[in-house]
Amino acid sequence: MSSNTQQKKPVRPQPPIIFISLGLIAVTILTMFILCLCANAGKSTKNPVLAIYGVEGNVPSVSLANTLHAAGFEYEFLDYGDPLPQAANVVVAGVGEDALSVIDQYRYEEHVRGFILICPSYRPEYMENISASSPLYDIAVFAGRDNAKTVADMKDARIIYERLSGDDSLYGQPIRRGGLFASRVYVNNDQNRTLSLSSFAVRDPSKLFFSPLFQNELAGYLSVTYIDESTRETSFGRINAWFILVWIAITFAAVSVLLYYSNVSVDPTGSDPKKAPVSRWVYALIIGISVAVLVGIISTLTVERLRSPMIPVLSFLPSVFMLCLFIVNFKWIYEKKGKFAPSGRTFVPAAFMAVVTGLYVLFTLILTSDLYIRFMTDKGLYSALLALMLIADTSFATGLIYASRRSSAAGQGAKNMFGNRKILLLMFIPAAAAVITGLVPWETEVFYAGLAGLAATGIPYLVTVPLVRHTDRSLIPGVLHGVVYTLILAAAL
């Protein structure tokens, strides 16, 4: 039988992974967008306002808005000493060491309906005129774990509650609120004093707002205590469903990206197994800068005023490292010999995935964090700084990716952080050291500065490397790295 008449073996159709991934991408982006909008459902000028004083740093503004709107409340973050919001009904919340001061300052304001103290410190100067009968407002105290068995072991929040209520919390029977990680809640006989002790230790009161458990409990307290002022009953289903959908959307975002890339072939210049030798200048620069930063981190244990600059220092440090790598690899960028030219067919797929990944990161940070400007009081200067960092990081990332591709195309192996993970691991040293240094004696500012440094170093790299591996483009993944790094800066600072 001739070859022309031989039957060809049927080709098994490939599963339509690309279409499944595109469908997931569309649904996930739409879901994230809707979740951002849903947080404002129930917003009204008639709602009572929760005025929150003393919050420092980042806060989950969108999730908190959804929770409080579900309880029929608005909220506003203020600095101690600022006037109350213009509203008919205001509940005042104080956060941190000076939380008690809000009672002393606003107890005679006409529109105040009650107070909430979050992780307060015992201050004798603010306790003079406070008792079980004064002020007559409802007062709630929220704090971290306190399993004291004796009076000497009790923490400040518990002492304040006993002074406010006249109750003995050591022998009183608490109410357990919640499921697996239930809080212990104490309520006095008049039901106008409440103490809620979390099952977790709380070192930074501002970070308590990131807890869905705390937000849920706060909404429940507001709805029960201020039922006459609130415009609606609390919808706990809305609160819980929102948090669940957020994490489902983030999970599907990662799955959709992985599915898409699983159907795209890797590029030889982005996944070169051969690694170029690491220059001694790279080791010298990165290790030298890391040692200098480590000295500063250790100094924060004894010099308290050095702690506040740690977050911006460790957040900007990745750009310093990338600048050093850019200088070391500059000859691979400017030399005309052996230039690397990408294919024209890869532009649209690369640009598409860069936009999708950037949107995922943007929505995730909006839903779980806060991009509000806090690091500088001058918003114009802060915006200019972020724009400068966007341009700088994009330039550095694009140049380093291009240098690595040219080195691979020339047969000398992948270079710098985008081709050799050993260099990336060196870049993590200062941030990892800050996390460990802050964790052991539990210096919260140093610990969270380390987390900010880890995020600023790792997240832009993590979302950019798949695009580098599966395309021959340099500018598009460079822009993605710059955008994501800038978003991380906005969230961290």
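Preceding block: the structure.
Residues numbered from 1 in each chain as written. Predicted model: local features only at pLDDT ≥ 70, side-chain atom pairs only at ≥ 80, totals over all residues. Heavy atoms only, no water.

Right, let's get into the overall build of the protein. Scanning the protein for helices and strands turns up 17 helices and 8 strands. Across its three principal directions, the C-alpha atoms of the protein cover 100 × 60 × 45 Å. By the burial criterion, 49% of the 493 residues in the protein qualify as buried. Restricting the contact set of the protein to residue pairs at least 6 apart, pairs at least 24 apart contribute 75%. For the protein, the computed accessible surface area is about 24,300 Å², with 62% contributed by carbon and sulfur atoms. Looking at the protein, you have 40 positive and 35 negative side-chain charges, and the mean spots of the two groups are 20 Å apart. (Helix = DSSP H or I, 4+ residues; strand = E, 2+ residues; numbered from the N terminus. Buried < 20%, exposed > 50% of the residue type's maximum accessible area, 1.4 Å probe, protein only. Contact = heavy atoms within 4.5 Å. Areas by Shrake-Rupley, 256 points an atom, 1.4 Å probe, with all protein chains shown as cover. Lys, Arg positive; Asp, Glu negative; His and termini not counted. Charge placed at Lys NZ, Arg CZ, Asp CG, Glu CD.)

With respect to the helices and strands, the residue arginine 193 is situated in strand β8 (residues 193-197). Of the side chains with opposite charge, aspartate 138 comes closest to the buried, unpaired arginine 193, at an N-O distance of 6.0 Å. Polar side-chain contacts of arginine 193 include one of 2.7 Å to the backbone oxygen of proline 135. A polar side-chain atom of arginine 193 sits 2.7 Å from the main-chain carbonyl oxygen of tyrosine 137. (Salt bridge = Lys/Arg side-chain N within 4 Å of Asp/Glu carboxyl O. Polar contact = N/O pair within 3.5 Å; in protein donor to acceptor, adjacent residues only side chain to side chain.)

Under the definition given, this model contains 20 aromatic pairs. Taken together, a centroid distance of 6.3 Å and an interplanar angle of 65° make the contact between phenylalanine 73 and tyrosine 226 edge-to-face. Taken together, the residues span a long stretch of sequence, with phenylalanine 73 in the loop between α2 (61-70) and β2 (74-78) and tyrosine 226 in the loop between α6 (212-225) and α7 (236-262) at a distance of 153 residues. The exposure classification of phenylalanine 73 matches that of tyrosine 226, with both residues buried. Taken together, a centroid distance of 6.1 Å and an interplanar angle of 50° make the contact between tyrosine 260 and phenylalanine 352 tilted. Here tyrosine 260, found in helix α7, pairs with phenylalanine 352, found in helix α11 (residues 347-368); they are 92 residues apart in sequence, far enough to count as distant. With a relative accessible area of 9%, tyrosine 260 lands in the buried category. Connected via pairs of aromatic rings, a cluster forms that spans Phe73, Tyr75, Phe77, Phe142, Phe209, Phe214, Tyr221 and Tyr226. The residue whose ring lies beneath lysine 207 is tyrosine 448, and the NZ or CZ to ring-centre distance is 4.6 Å. (Phe/Tyr/Trp six-rings, centres within 6.5 Å; stacked < 30°, edge-to-face > 60°. Lys NZ or Arg CZ within 6 Å of the ring centre and 35° of its normal.)

This part covers the sheet that holds strand β3 (residues 90-95). Ordered in space as β2-β1-β3-β4-β5-β8-β7-β6, the 8 strands form an open sheet in which the pairing is mixed. Two strands in the sheet have a free side with no partner beyond their single neighbour: β2 and β6 (175-177). Each neighbouring strand pair of the sheet contributes to a mean axis angle of 20°, computed without reference to strand direction. Direction of pairing for strand β1 (residues 49-53) relative to β3: parallel, over a ladder of 5 bridges. Bridge pairing in β3 links tyrosine 53 to glycine 94. (Pairing = 2+ DSSP bridges. Axes fitted to C-alpha atoms, helices over the stretch in contact; angles between N-to-C directions.)

Over its 20 residues, helix α8 (residues 280-299) runs 28 Å from end to end, which matches the ideal 28 Å to within 8%, given 1.5 Å per residue. Among the residues making up α8, those that are buried are Val282, Ile286, Ser290, Val293 and Ile297. For α8, the angular spread of buried residues about the axis comes to 65°, placing them on one side. In α8, the exposed residues that point more than 90 degrees away from the buried face are Arg280, Trp281, Ala292 and Ile298. On its buried face, α8 sits against α9 (310-328), α14 (421-427), α15 (429-439) and α16 (444-469). The N-capping residue of α8, defined by a side-chain oxygen 3.1 Å from the backbone nitrogen of tryptophan 281, is serine 279. (Expected span 1.5 Å × (residues − 1). Arc of directions from axis to C-beta.)

With that settled, the discussion passes to the environment of proline 430. Tracing the sequence through the fold places proline 430 in helix α15. Proline 430 sits 116 residues away from leucine 314 along the chain, and the two C-alpha atoms are 7.5 Å apart. Residues in contact with proline 430, not counting those within four places in the same chain, are Ser290, Val293, Leu294, Ile297, Leu314, Leu317 and Phe321.

Further remarks concern the nonpolar core. Core analysis: the largest hydrophobic core is formed by 47 residues, its most contacted members being Met32, Tyr360, Leu367 and Leu467. Elements with a contribution of two residues or more to this core: α1 (17-38), α2, α7, α11, α12 (379-409), α16 and α17 (475-492). Tallying contributions element by element places α7 first for this core, with 10 residues. If near-sequence neighbours (up to four positions away) are discounted, leucine 367 is found in contact with Met32, Leu35, Cys36, Val62, Ser63, Trp242 and Val246. (Core = buried A, V, L, I, M, F, W, Y, C linked by side-chain atoms within 4.5 Å.)

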